[in-house]
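# Architecture at a glance
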Amino acid sequence: MSVLSKPYFHDEAAAFAFVEGIIWPQGPHCYHCGATDRLTKVAPNPEKRIRFGLHRCGHCKGQFTVRMGTIFEESKLPMTKWLQAIYLMCSSKKGVSALQLSRTLEVTYKTAWFLAHRIREAMRCGELAPFGGGGGMVEADETFIGIDPDEPRAKAGANHKMKVLTLVDRSTGRAHSTVLDFISAKAIGEIVVANLSHEAILMTDEARHYVKLGEKFAGHGHTNHSAGEYVSRFNPQVHTNTVEGYFSIFKRGMKGVYQHASKKHLHRYLAEFDFRYCNRIALGVDDQ
């Protein structure tokens, strides 16, 4: 049986029960006053415009559903469509375009685009634990993609492209990507210092802006890409191949699936790839 035949993908009541089990593992609580008792579940009645999953609080007399305070809030789209969209976006290695979501879910392109961006916002990591805790190795590298509308087109170099800095914690598989306005030791240093533990061992290439930055951590290993060195001949643990692999998946997804992303939305696409990469590592999913 396919995972897509699960009841919560097709039955609205089952979809609400599934979401309530995740958001309210200890049972429902009032969104307005926080009460956990004297809550009444109202039977749905589309003819009387009584929606699915409606609860009434006996304390504050307020009405609420599990949608409130989540990405589902203020959406008239059925919960089944939301769950299908979430599954498609999370299970795809390189992402799903809004046009593909529109065709699969049988909704308008505008609705599919709205769905996708709300889901990407939910994918943004809220974990505050620094990378490399306990002496873990963290790789840092930059890449370029698309055209930066704030920079003039250059005949040489890549300064006219959008710039992305990504950190990958080898031990946990967590990734954190940031859109940069410009590449400098100060801009990169502020992000790296803010996200890495002082116990971390930083892994980079030979770029100059990492030389002094590496002194702020427990260790700093680097390879010389310009000389064709991608793994240190002295220590096979010194490399940036993990973050390079992240960039490979990210660029194949951006160019092959999404094809274009404006600078103001690029951080949302990066959050999606960060989320998917972290969960792929955590679940031990093969790249093939």
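Described in the following lines is the structure provided in the data block. (Residues numbered from 1 in each chain as written. Predicted model: local features only at pLDDT ≥ 70, side-chain atom pairs only at ≥ 80, totals over all residues. Heavy atoms only, no water.)

### Things to note about the state of the cysteines
For the record, the criterion: In what follows, a disulfide is any cysteine sulfur pair within 2.5 Å. Relative accessibility decides the category of a residue: with a 1.4 Å probe and only protein chains considered, values under 20% of the type maximum give buried, values over 50% give exposed, and everything between is partly exposed.
Applying the stated rule across the entire model yields zero disulfides. The closest cysteine sulfur to the non-disulfide-bonded C30 is located on C60, 3.6 Å from its own sulfur. Looking at C30, the relative accessible area reads 1%, which means it is buried. For C33, which is in no disulfide, the shortest distance to another cysteine sulfur is to C57 and amounts to 3.7 Å.

### A closer look at the sheet that holds strand β5 (residues 162–169)
So the rule is basically this: Pairing between two strands is assigned when DSSP locates at least 2 bridges connecting them. Each helix is a run of DSSP H or I of at least 4 residues and each strand a run of E of at least 2, with the numbering of both proceeding from the N terminus. Angles run from 0 to 180 degrees between N-to-C directions of axes, and those axes are lines fitted to C-alpha atoms, restricted for helices to the stretch in contact. The criterion used for residue contact is that any of the two residues' heavy atoms lie within 4.5 Å.
Read across the open sheet, the five strands follow the order β6-β5-β4-β7-β8; overall the sheet is mixed. With partners counted over all chains shown, the strands left at the sheet margins are β6 (175–180) and β8 (219–222), one partner each. Averaged over all adjacent pairs, the angle separating strand axes in this sheet is 20 degrees, with direction ignored. Pairing analysis gives six bridges linking β5 to β6, with the strands arranged antiparallel. Looking at β6, one finds that V168 is bridged to A175. Relative to β5, helix α5 (residues 185–195) is tilted by about 25 degrees, and along the sheet it contacts β4 (137–145), β5, β6 and β7 (201–204). Taken strand by strand, helix α6 (residues 241–258) contacts β4, β5 and β6, and its axis lies near 35 degrees from that of β4.

### With respect to the sheet that holds strand β2 (residues 55–57)
Ordered by their spatial adjacency, three strands build an open sheet running β1-β2-β3, and the pairing between neighbours is antiparallel. If you trace the sheet from one side to the other, it starts and ends with β1 (39–41) and β3 (63–64), each paired once. Relative to β3, β2 runs antiparallel, the two sharing two bridges. Its bridge partner being in β3, R56 is matched across the sheet by Q63.

### Regarding the nonpolar core
The following threshold applies: In plain words, nonpolar cores are sets of buried Ala, Val, Leu, Ile, Met, Phe, Trp, Tyr and Cys residues tied together by side-chain atoms within 4.5 Å.
Formed by 28 residues in total, the largest nonpolar core has its most connected members in M79, W82, L83 and L101. Of all elements in the fold, only α1 (12–23), α2 (79–91), α3 (98–105) and α4 (109–123) reach the threshold of two or more residues within this core. Filtering out sequence-adjacent residues up to four positions away, L101 remains in contact with A85, L88, M89, V96, E106, V107, A112 and A116. Membership of the second largest hydrophobic core comes to 18 residues, among which are V164, V168, F247 and L266.

### Let's talk about the packing of aromatic side chains
This is how it is decided: Geometry of aromatic contacts follows a simple scheme: Phe, Tyr and Trp rings, the Trp one being its six-membered ring, pair when their centres are within 6.5 Å, and the pair is stacked under 30 degrees between planes, edge-to-face over 60, tilted otherwise. Working rule: Lys NZ or Arg CZ, within 6 Å of ring centre, within 35 degrees of ring normal, means a charge sits over the ring.
Enumeration according to the criterion identifies twelve aromatic pairs in this entry. Relative to W82, the ring of F72 has its centre 5.2 Å away and its plane inclined at 80 degrees; by these criteria the two rings are edge-to-face. Of this pair, F72 sits in the loop between β3 and α2 while W82 sits in helix α2, and the two are ten residues apart along the sequence. A relative accessible area of 0% places W82 in the buried class. In this structure an aromatic cluster arises from ring pairing among Y246, F247, F250, Y258, Y269, F273 and Y277. Residue placement shows R276 over the ring face of F273; its charged tip is 5.3 Å from the ring centre.

### Here's the deal with the packing of α3 against α4
Short version of the rule: Relative orientations are named as follows: roughly parallel for angles under 35 degrees, roughly antiparallel for angles over 145 degrees, roughly perpendicular for angles from 65 to 115 degrees, and oblique for any other angle. Each crossing gets its hand from how the near helix is turned against the far one by less than a right angle, where anticlockwise is left-handed and clockwise is right-handed. Basically, the charged four are Asp, Glu, Lys and Arg, the nonpolar ten are Ala, Val, Leu, Ile, Met, Phe, Trp, Tyr, Cys and Pro, and anything else, Gly included, counts as polar.
Where α3 contacts α4, the axes come no closer than 8 Å and their chain directions differ by 115 degrees. With respect to α4, the element α3 is oriented roughly perpendicular. Note that α3 runs across α4; the crossing there is right-handed. Of the residues in α4, those in contact with A98, L99, L101, S102 and L105 of α3 are Y109, A112, W113, L115 and A116. Classifying every residue of the contact of α3 with α4 by side-chain character gives nine nonpolar, one polar and no charged.

### Some points on the packing of α2 against α3
It is the contact of α2 with α3, at a shortest axis distance of 11 Å, that shows an interaxial angle of 135 degrees. The angle between the axes of α2 and α3 places the two elements in the oblique class. Here the hand of the crossing between α2 and α3 comes out right-handed. Residue-level contacts link K81, Q84, A85, L88 and M89 of α2 to L101, T104 and L105 of α3. Broken down by class, the residue content of the contact of α2 with α3 amounts to five nonpolar, two polar and one charged.

### Brief notes about the environment of I22
One can find I22 in helix α1. Residue I22 is classed as exposed on the basis of its relative accessible area of 56%. Sequence-wise, I22 and P46 are 24 residues apart; in three dimensions their C-alpha atoms are separated by 25 Å.

### Focus on the pairing of β7
Judged from the three bridges that link them, β4 and β7 form a sheet pairing that is parallel. Looking at the pairing, E139 lines up with M203 of β7. Sheet analysis places β7 next to β8, joined by four bridges and oriented parallel. Residue pairing across strands places M203 opposite G221, the latter belonging to β8.

Taken by themselves, the reported measurements are silent on function.
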